[in-house]
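Architecture and fold: a report
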Amino acid sequence: MRLILLGPPGAGKGTQAQHLVKSYAIVQLSTGDMLRAAVKAGTPVGLKAKDIMARGDLVPDEVVVAIVADRISEPDAANGFILDGFPRTVPQAEALERMLAEKGLALDAVVELKVDEKALLHRVETRVREMTARGEALRADDNADALKTRLEAYRSQTAPLAAYYQGKGKLRTIDGMAPIADVGKAIDAVLKTAAGESRSTSAAVR
Ligand code: AMP
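Residues numbered from 1 in each chain as written. Predicted model: local features only at pLDDT ≥ 70, side-chain atom pairs only at ≥ 80, totals over all residues. Heavy atoms only, no water.

Right, let's get into the overall build of the chain. Across its full length, the chain holds 9 helices and 6 strands. By the compact-globule yardstick of 17 Å for 206 residues, the chain fits well, its C-alpha radius of gyration being 16 Å. Taken along the three principal axes of its C-alpha coordinates, the chain extends 45 × 40 × 30 Å. Here the chain, with 206 residues, has 45% of them falling under the buried criterion. Counting only contacts in the chain whose residues sit at least 6 apart along the sequence, the fraction spanning at least 24 positions is 74%. (Helix = DSSP H or I, 4+ residues; strand = E, 2+ residues; numbered from the N terminus. Rg over C-alpha atoms; globule rule 2.2 N^0.38 Å. Buried < 20%, exposed > 50% of the residue type's maximum accessible area, 1.4 Å probe, protein only. Contact = heavy atoms within 4.5 Å.)

On to the site of the ligand. Near the ligand you find 16 residues, and of these Thr 31, Asp 57, Gly 85, Arg 88 and Gln 92 are the closest. The separation between an oxygen atom of the ligand and a polar main-chain atom of Asp 57 is 2.6 Å. For the ligand, a nitrogen atom lies 2.9 Å from a polar atom in the side chain of Gln 92. A total of 480 Å² of accessible area belongs to the ligand in isolation, and the protein chains cover 96% of it. Here the shell around the ligand gets 4 residues from one element, more than from any other, and that element is helix 2 (residues 31-41). Residue classes in the shell around the ligand are distributed as 6 nonpolar, 4 polar and 6 charged. (Near = heavy atom within 4 Å. Polar contact = N/O pair within 3.5 Å; in protein donor to acceptor, adjacent residues only side chain to side chain. Areas by Shrake-Rupley, 256 points an atom, 1.4 Å probe, with all protein chains shown as cover. Nonpolar A, V, L, I, M, F, W, Y, C, P; charged D, E, K, R; others polar.)

On to the nonpolar core, then. One finds Phe 81, Leu 83, Leu 96 and Tyr 165 to be the most contacted residues of the largest nonpolar core, which totals 33 residues. At the level of elements, strand 1 (2-6), strand 2 (27-30), helix 2, helix 3 (44-55), helix 4 (61-72), strand 3 (81-84), helix 5 (90-102) and helix 8 (160-167) are the ones that each hand at least two residues to this core. For this core, the element with the most residues is helix 4, which contributes 6 residues. Leaving out residues up to four positions away in the same chain, Phe 81 has contacts with Met 1, Arg 2, Leu 3, Ile 26, Val 27, Leu 29, Ile 72 and Leu 100. One finds Ala 17, Val 115, Leu 120 and Ala 186 within the second-largest nonpolar core, a separate group that totals 24 residues. (Core = buried A, V, L, I, M, F, W, Y, C linked by side-chain atoms within 4.5 Å.)

So, on to helix 5. A rise of 1.5 Å per residue sets the reference length of helix 5, with its 13 residues, at 18 Å; its end C-alpha atoms lie 19 Å apart and thus fit the reference within 8%. Regarding helix 5, the residues found buried are Gln 92, Ala 93, Ala 95, Leu 96, Met 99 and Leu 100. Looking straight down helix 5, one finds that the buried residues subtend no more than 160° of arc, so they occupy a single side. Turned more than 90 degrees off the buried face of helix 5, the exposed positions are Arg 98, Ala 101 and Glu 102. (Expected span 1.5 Å × (residues − 1). Arc of directions from axis to C-beta.)

Right, let's get into the UniProt feature "binding site: ATP" (unreviewed entry) in the chain. This chain's UniProt record puts "binding site: ATP" (unreviewed entry) on Gly 10, Ala 11, Gly 12, Lys 13, Gly 14, Thr 15, Arg 134 and Ala 178. A stretch of 169 residues holds the annotated residues, and the largest C-alpha distance among them is 26.1 Å, long enough that they do not meet in one place. Inspection of the secondary structure puts Gly 12 in the loop between strand 1 and helix 1 (13-24). Once you skip the residues sitting within four places of it in the chain, Gly 12 turns out to touch Leu 113 and Arg 123. Assignment of secondary structure puts Gly 14 in helix 1. With residues up to four places along the chain from it excluded, the contact list for Gly 14 reads Gln 28 and Asp 84. (UniProt positions renumbered as here; feature names shortened; annotations may be inferred.)

Take a look at the structure:
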């Protein structure tokens, strides 16, 4: 199973990815996590990405594409993967398609989590409050300014991917405002139909 989780920051992609990792025995590939690890380790990629990420802007396509190309070639990705936070631009989606085609692979589905923007701000504020209360370190981009930039980046550069994948018959849209368990069930349901479909038609589940 190879799939993409598409949705704005705070939509619940990470939470749902963890559930899918267990159900399908596949790996979660989060470019945000990979980039944060690179920043922490002070690698050349990390140095390049650090300030961009703290502002909430997107890291250049060629940087993330190279990271993903390396990562999906690792043995643990052979059984399948969930891309969480990648692709975020149409050129990244095109690069992904090329790298999968080179391996004779294709995506099974692109699952879009639709959420209300006001709820996103609320979710992120709640996460910040809870993490602060637990004494946990906040992400450099967990603040109102960066979140605004992240949402703008999503709207202008990532949201067009829904139409891109709809055109390819891969898009499955889920109501991301439902309770976590219900979102998980809705994803399971669309993946059941997506698996094994050689030629999918686009569908919307609400
Ligand atoms: P995330 O954890 O997915 O919210 O990503 C955190 C930050 O990492 C984003 O705001 C971007 O600065 C950067 N980032 C993660 N994935 C990508 C991507 N596919 N393309 C460009 N920048 C990315």
